[in-house]
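An overview of the molecular structure
Listed here are the chains, written in short residue letters.
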Amino acid sequence: MSTNQILLEALADPNKTVYLKADGYLGSAGDSGLLGIIPAIPAFGSPDFRAAYGVKHAYVGGAMVGGISSRAMVKAFSEGGCLGIFGSSGLPPARVEDEIAALAADLKGKPFGACLIHTPQDPSWEEKVAEIYIKHQVRVIEASAFMQLTPSLARYRLSGAARRPDGGIDVPNRIMAKVSRVELARRFFSPVPEKLVKEALARGWITPAEAELAPHISMASDLTAEADSGGHTDFRPALTLWPALVAEARIFSAKYQYAQPLRVGAAGGIGTPWALLAARQMGAAYVVTGSINQSCVESGLSPAARELLAKAGQADVVQGPAADMFELGAKVQVLKFGTLYAMRAQKLAEAYRQYASLEEIPAADREIFETQIFKQPLGEIWNQTKKFFEERDPAQAVKAEADPKYKMALVFRWYLGQASRWAIGGAEDRRPDWQIFCGPAQGAFNEWAKGSAYEPVENRRVVDLALNLLYGASALMRYNLAATLGALPFGAAPELRPRPVAEIAGYLN
Ligand SMILES: Cc1cc2nc3c(=O)[nH]c(=O)nc-3n(C[C@H](O)[C@H](O)[C@H](O)COP(=O)(O)O)c2cc1C
């Protein structure tokens, strides 16, 4: 074996300290004139984070809407030493409660979390779901899409907070807030706002003793800096977002002297060891992945849609209109490969902008909508939509009857909402309409995994992917250090391939 190969093998084991001699050979601890030492690489992420959540790896499987991050996925993450977040958004509260109760019974105290998504159009969803999380003692929620903080967030965070005899404060419920903007980071890093505390108190949601502790408790315990990702995204580059949010954590920690440190994690674009290493080098306390988990066997997405995901390249994603904030022109990042969803939904978004009512849409366009997109007369779609709202939220139906533009929005949102369900359910007759949230991380993983055991979807398991990213990032870090010290030429690191877990698990202490 050549020297270089011996060196590469030593570098590939993150638990080994490597003593580099000036001539490029491996030395030992007592040698003089060493070129440098490459230390064993400790586990990724913040030890506080791992301790707080009771996980081995500072790796979070982020929420995916409509139960795509399914019970099976959350369980797999939890059993694999990671933190899985159940994708409650878009599900009726009764189903959320069933899933959460089953998870709690299954995992018997092992950590897991669930998503609380901001639903300004239906605040009762947020209230009911927060109550379910408190009732079933879900100890971490991923709070997403919040533009404003709400009383439900304050209620969840403060429930169970108590002063210890030694003067410290126990806060059992943690909020991992997902943000892409500095203004929101500031709100989440501030103490739970007095106005919300008063409201939660007035509604009998929290006790006066819990309310009294609010000035000492940050709204979020952890902040996930969400860069360009699948689904709802501001398309921020991680490289620019990261330093801004870390600076806020420093400022707010110093200002409020919280008992628990404020942490920042990284999400968006993480689908390879290179990306995880970038997060590590930026100082991420933890990472959150989404897109790559969606193509795994534990995903709630239909097998046929997972097959599509596994074939996508990183450029096979596109912006499409978001169903929930359609009227505001909000965008989501979706798969372009194998579906016409983004193009069709965009046609609806343009019509919505241009016309004041369904009746104003020119006949030729209306015909295309009815035959190609809705596959039913728009009047029929309205009847179904009206019936749905009359049962669920009658005020919406009344408002739409009085406001033709709003009626158009509800009809168009029928398509946007169904399009996700068709993908989840694998409706073959609606394949061109499948709406599949996806970011470039998926294609990046596919490109990396090409030719490996993980190319076929049936071999993709969320924890196997996580361990490959974690191990790969540690190995890359060591190759980079060796190159920085001049022991390896730049670019001479061996090809890093995803490997069977049995070969790498031992490296990850
Ligand atoms: C299919 C899909 C659905 C998602 N749904 C949610 C959601 O309901 N709530 C949420 O907080 N984040 C959601 N996300 C974001 C993920 O939790 C995660 O933050 C993001 O995917 C990370 O970026 P990546 O896609 O580049 O890995 C979703 C992402 C995907 C791909």
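Reading guide: rules and limits
Sequence positions are assigned chain by chain, starting from 1 and proceeding in written order. Per-residue local features of the predicted model are confined to residues with pLDDT of at least 70, and side-chain atom pairs are confined, for both listing and counting, to 80 or more; whole-chain, interface and lining totals are unaffected and use all residues. Here is the check we use: build the C-beta atom from the backbone, and if it is within 6 Å of the molecule or strand, call the residue near. Every helix listed is a DSSP run of H or I at least four residues long, and every strand listed is a run of E at least two residues long, numbered separately from the N terminus. Three classes are used: nonpolar for Ala, Val, Leu, Ile, Met, Phe, Trp, Tyr, Cys and Pro, charged for Asp, Glu, Lys and Arg, and polar for all others, with Gly counted as polar. Residue ranges for the domains trace back to a domain assignment, done automatically or taken from a database. Any two strands with at least two DSSP-identified bridges between them are counted as paired. Interaxial angle, 0 to 180 degrees, is taken between N-to-C directions of lines fitted to C-alpha atoms, where a helix line uses only the stretch in contact. Each residue is represented by a C-beta atom placed from its backbone, and any two residues with such atoms within 7 Å are regarded as in contact. Any helix carries an expected span of 1.5 Å times its number of residues minus one. Field definition: a residue is buried when 20 or more other C-beta atoms are found within 10 Å of its C-beta, exposed when 12 or fewer are, and partly exposed for counts in between, with C-beta atoms placed from the backbone. Arc definition: directions from the helix axis to the C-beta atoms. Every angle not falling under 35 degrees, over 145, or within 65 to 115 is termed oblique; those three ranges are roughly parallel, roughly antiparallel and roughly perpendicular. Helix crossings get a hand from a simple test, with the near helix turned counterclockwise from the far one by less than a right angle marking a left-handed crossing and a clockwise turn marking a right-handed one.

The next point concerns the site of the ligand. The immediate surroundings of the ligand are formed by 29 residues, with Gly62, Ser144, Ser229, Gly230 and Gly290 found nearest. When contributions to the shell around the ligand are tallied by element, the ones reaching two or more residues are β5 (113–117), β6 (140–144), β13 (287–289) and α12 (291–294). By residue class, the composition of the shell around the ligand is twelve nonpolar, 14 polar and three charged. Of the domains in this structure, domain 2 (55–289) and domain 3 (306–440) are the two that each give at least three residues to the shell around the ligand.

Here we take up the sheet that holds strand β3 (residues 59–61). Working definition: the strands of a sheet are paired by backbone hydrogen bonds and lie parallel or antiparallel to each other. The parallel closed barrel is built from eight strands, whose spatial order is β3-β4-β5-β6-β9-β10-β12-β13. Geometrically, the sheet is characterised by an average inter-axis angle of 30° between neighbouring strands, direction not taken into account. Inspection of the sheet shows β5 paired to β6 by four bridges, in the parallel sense. By the bridge assignment for β6, isoleucine 117 is matched with serine 144.

Here we take up the sheet that holds strand β14 (residues 317–321). With antiparallel pairing, the three strands of this open sheet are ordered in space as β11-β15-β14. Pairing within the sheet leaves two strands with one partner each, and these edge strands are β11 (231–232) and β14. Pairing of β11 with strand β15 (residues 331–335), which is carried by two bridges, proceeds in the antiparallel orientation. Along β15, the bridge assignment pairs glycine 231 with glutamine 333. Where helix α14 (residues 341–354) meets the sheet, its contacts fall on β14 and β15, and the angle it forms with β14 comes to roughly 30°.

Compared with the 27 Å implied by 1.5 Å per residue over 19 residues, the 27 Å span of helix α10 (residues 238–256) between its first and last C-alpha is a close match. All of the buried residues along α10 are Ala238, Leu241, Trp242, Leu245, Val246, Glu248, Ala249 and Phe252. Take α10 and look down its axis: the buried residues cluster within an arc of 160°, on one side only. α10 presents Leu239, Thr240, Pro243, Arg250, Ala254 and Lys255 as exposed residues on the side facing more than 90 degrees away from its buried surface. Against the buried residues of α10 lie α7 (182–189), β10 (222–226) and β12 (263–267). Glutamine 257 sits one or two positions beyond α10 and adopts a positive phi of about 50°.

So, on to the domain arrangement of the protein. Along its sequence, the protein is carved into domain 1 (3–40 + 471–507), domain 2 (55–289) and domain 3 (306–440). Taking only C-alpha atoms into account, the centre of domain 1 sits 37 Å from that of domain 2. Contacts between the two partners involve five residues from domain 1 and, on the opposite side, five residues from domain 2.

A separate point is the packing of helix α3 (residues 71–79) against helix α4 (residues 93–107). Packing of α3 against α4 leaves a shortest axis separation of 11 Å and a crossing angle of 30°. Classified by the angle between their axes, α3 and α4 sit roughly parallel to one another. Both α3 and α4 take part in a crossing whose hand is right-handed. Residues Arg71, Val74, Lys75 and Ser78 of α3 pack against Glu99, Ala102, Leu103, Asp106 and Leu107 of α4.

A few words now on unusual backbone geometry. Located in the positive-phi region is alanine 145, a residue other than glycine, with phi close to 65°. Within the fold, alanine 145 resides in the loop between β6 and α6 (151–158). Unlike most non-glycine residues, glutamine 257 shows phi in positive territory, near 50°. Relative to the helices and strands, glutamine 257 resides in the loop between α10 and β12. For glutamine 257, a count of 8 C-beta atoms within 10 Å corresponds to the exposed category.

Right, let's talk about the environment of lysine 178 for a bit. By the element assignment, lysine 178 lies in strand β9 (residues 174–179). Separated by 34 residues in the primary sequence, lysine 178 and serine 144 place their C-alpha atoms 5.2 Å from one another. Filtering out sequence-adjacent residues up to four positions away, lysine 178 remains in contact with Glu142, Ala143, Ser144, Thr224, Glu226 and Ala267.

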